[in-house]
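# Working through the structure, step by step
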Amino acid sequence: MKSLINTQGGIDAPNLLKKCHIITFGCQMNEYDSWRMAQMLSREYVLTPFPEDADLILINTCSIREKAEHKLYSLLGRLKGLKDKNPSLRIGVTGCVAQQLGSQLFKKAAHVDMVLGPQAIYSLPRVLESLEQGKTRLALTRLTDNFHIPATAGPALERNDVRAFVTIMQGCDNFCTYCIVPHVRGRETSRPPIDIIREIESLVNQGIKDITLLGQNVNSYGKGLGEDIDFPRLLTEIDRRFPGLRLRFTTSHPKDLSDPLIECFPGLKTLCEHLHLPVQSGSNRILKRMNRKYSIEKYLERVEKLRAACPSITLTTDIIVGFPGEAEEDFQATVELLETVRFDQIFAFRYSERPATAAAGFGHKVPEEIRRERLCQVIDLQKTIGLKQYQRYENTVMECLIEKGHNMKLQGRTRGNHVVNLSGSDQLIGEILDVFIEKACHHSLKGRIVN
Ligand code: 5AD
Ligand code: SF4
């Protein structure tokens, strides 16, 4: 859970403005959506890191796993006291759980004033106005197939960060059988390249140095736009216009990882050498039940091609253990895959049954204790593999963007997306420096600035 405290909007007359506290659960796309909400509100609200000072509290939710949903309820419980003390406080629930539950949320938490699904967040100013006019308990959760992400409008938000996210497409048409995303974020919709370029330009003008393009499956970017554009061409255009940038993207579906996209890694100077390529399972039988539409052989062929095209590329992945029907031999195939590919980092999850998904109706559920055991096993295995991978960088010099720090302790990021801890003045934040890597740790590197 993150509070948006490092963006502040419209500070012409901060004392006259109301205060908004935004809490963000879940993925980077939600962080982007929270930023868009802050921007939409910036003529009337400043952001506050303190919920008790707020006139408006927004909780931007995630429903990818059941645990994320539970976090929302405990948070809403804690916020009830604030509403009791200050009845004019407005509380809004936005994002994926809002979409999933709609007006049912008012039954679970009567102190919530509005519920807005991911497509409805752009109506936030209008909904707040309706609440001002006396309307109560507003839920906007209609998903439409012809939704378009509006271009950013209004004053640019002042940002203290050096990295930012830019959503280039929203929604998903893949329907992996475990996944709730297509049900709560709707069908795939790509933003026109001109909106993306303008947004990047505005961020670069504010000093942003590292931009991650976001989408549930960025590789199918451009579908339905009616323009002569696809994802490799979008990357090429951004690279041409913003030569000083560090560019990244997530997430890629292995079935759509094309040769032209692989060629972008060695071909585009701005594109950082890191690819997050979720594999989910090492067993073809399970991949089929997950509706992933690739085989392990195909996945390994793509990895080989990527590594041949760009030998320094960092690979990371997502794994689900305990999917319905996952037998011991399927799980061992996942273990074997991790040993074969040797990712720098993995994000491993226990399967969590989600409403409306196909897998919720599958038989042969894996008992919870076995899911837990398998998760521990993959995490332990990856600890060893990840450390060995990170040790390859010891005694080398890596280019680091210094992202944050204070008290002479800095944190930077390599082009391959490794976090590096080092000492130095916080005046160096925003600089790209050569760093000598002294030591590898499990999820980070320790280094010192060269000269
Ligand atoms: N249970 C567990 N993990 C899931 N993910 C998506 N849906 C589920 C689920 N029902 C994981 C996938 C995906 C990542 C974002 O979350 O690994 O890549
Ligand atoms: Fe979910 Fe699959 Fe779409 Fe990713 S590609 S968002 S896992 S349905």
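These figures come from a predicted structure and were not determined experimentally.

Below, the discussion takes up the site of ligand 2. Taken together, the residues surrounding ligand 2 are C172, N174, F175, C176, Y178, C179, V181, P182, Q216, H253 and R292. Taken together, the residues of the shell around ligand 2 break down into 7 nonpolar, 3 polar and 1 charged.

Following T250, the chain continues into T251 via a peptide bond in cis, with omega recorded as 5°. Turning to its location among the elements, T251 is positioned in the loop between β14 (246-250) and α9 (259-267). One non-glycine residue with positive phi stands out, namely N291, at about 60°. As for its position among the elements, N291 is in the loop between α10 (284-289) and α11 (296-309). Although it is not a glycine, N417 sits at a positive phi angle of roughly 80°. Mapped onto the secondary structure, N417 falls in the loop between β19 (409-414) and β20 (419-423).

Our next topic: the domain arrangement of the protein. As assigned here, the protein comprises domain 1 (2-140), domain 2 (163-391) and domain 3 (397-449). A straight line from the C-alpha centre of domain 2 to that of domain 3 covers 25 Å. Each side of the interface is counted separately: domain 2 has 18 residues, and domain 3 has 18 residues. At the boundary of domain 2 with domain 3, total buried surface from both sides reaches about 1600 Å², with 50% on carbon and sulfur atoms. Area buried by domain 2 at its contact with domain 3 is led by R163, R246 and Y390, which between them contribute 42% of it. For the pair domain 2 and domain 3, the interface holds 2 salt bridges. Here domain 2 and domain 3 share 11 residue pairs in polar contact (both at pLDDT 80 or more) between them. When contributions to the side of domain 2 that touches domain 3 are tallied by element, the ones reaching two or more residues are β14 and α13 (368-391). For the side of domain 2 that touches domain 3, the element with the most residues is α13, which contributes 4 residues. Across the side of domain 2 that touches domain 3, the residue classes tally to 4 nonpolar, 5 polar and 9 charged.

All residues adjacent to ligand 1 are I64, R65, Y178, Q280, D318, I320, F349, R350, Y351, S352 and R354. Between a nitrogen atom of ligand 1 and a main-chain N or O atom of S352, the distance comes to 2.7 Å. Expressed as a share of its isolated accessible area of 400 Å², the protein-covered part of ligand 1 is 86%. Partitioning the shell around ligand 1 into residue classes produces 5 nonpolar, 2 polar and 4 charged.

Let's shift gears to the nonpolar core. Soluble globular proteins tend to bury their nonpolar side chains together. With 93 residues, the main nonpolar core has L213, F231, L235, I238 and F249 as its most contacted residues. The leading source of residues in this core is helix α1 (residues 28-41), at 6 residues. For F231, the residues in contact, after removing those within four places along its chain, are I168, L213, V218, N219, Y221, F249 and L261. Listed in part, the 23 residues of the second largest apolar core include I23, A68, A109 and V115.

This next bit is on the sheet that holds strand β22 (residues 444-449). By definition, the strands of a sheet pair up through backbone hydrogen bonds, in either a parallel or an antiparallel sense. With mixed pairing, the 5 strands of this closed barrel are ordered in space as β18-β19-β20-β22-β21. Across the sheet, the axes of successive neighbouring strands diverge by a mean angle of 50°, strand direction being ignored. Sheet analysis places β19 next to β20, joined by 5 bridges and oriented antiparallel. Residue pairing for β20: L410 is matched across the bridge by L422.

We now examine the packing of helix α12 (residues 328-341) against α13. Taken N-terminus to C-terminus, the directions of α12 and α13 make an angle of 15°; their axes are 10 Å apart at the nearest point. In terms of orientation, α12 and α13 fall into the roughly parallel class. The handedness of the crossing between α12 and α13 comes out as right-handed. On α13, the residues that touch E328, F331, Q332, V335, L338 and E339 of α12 are R374, Q377, V378, L381 and I385. Considering only residue class, the contact of α12 with α13 consists of 6 nonpolar, 2 polar and 3 charged.

The rules behind each value
Residues numbered from 1 in each chain as written. Chains lettered and ligands numbered in written order. Predicted model: local features only at pLDDT ≥ 70, side-chain atom pairs only at ≥ 80, totals over all residues. Heavy atoms only, no water. Near = heavy atom within 4 Å. Nonpolar A, V, L, I, M, F, W, Y, C, P; charged D, E, K, R; others polar. Helix = DSSP H or I, 4+ residues; strand = E, 2+ residues; numbered from the N terminus. Domains from an automatic or database assignment. Contact = heavy atoms within 4.5 Å. Buried area = accessible area lost by both parts, 1.4 Å probe. Salt bridge = Lys/Arg side-chain N within 4 Å of Asp/Glu carboxyl O. Polar contact = N/O pair within 3.5 Å; in protein donor to acceptor, adjacent residues only side chain to side chain. Areas by Shrake-Rupley, 256 points an atom, 1.4 Å probe, with all protein chains shown as cover. Core = buried A, V, L, I, M, F, W, Y, C linked by side-chain atoms within 4.5 Å. Buried < 20%, exposed > 50% of the residue type's maximum accessible area, 1.4 Å probe, protein only. Pairing = 2+ DSSP bridges. Axes fitted to C-alpha atoms, helices over the stretch in contact; angles between N-to-C directions. Parallel < 35°, antiparallel > 145°, perpendicular 65-115°, else oblique. Left-handed = near helix turned anticlockwise from the far one by under 90°.

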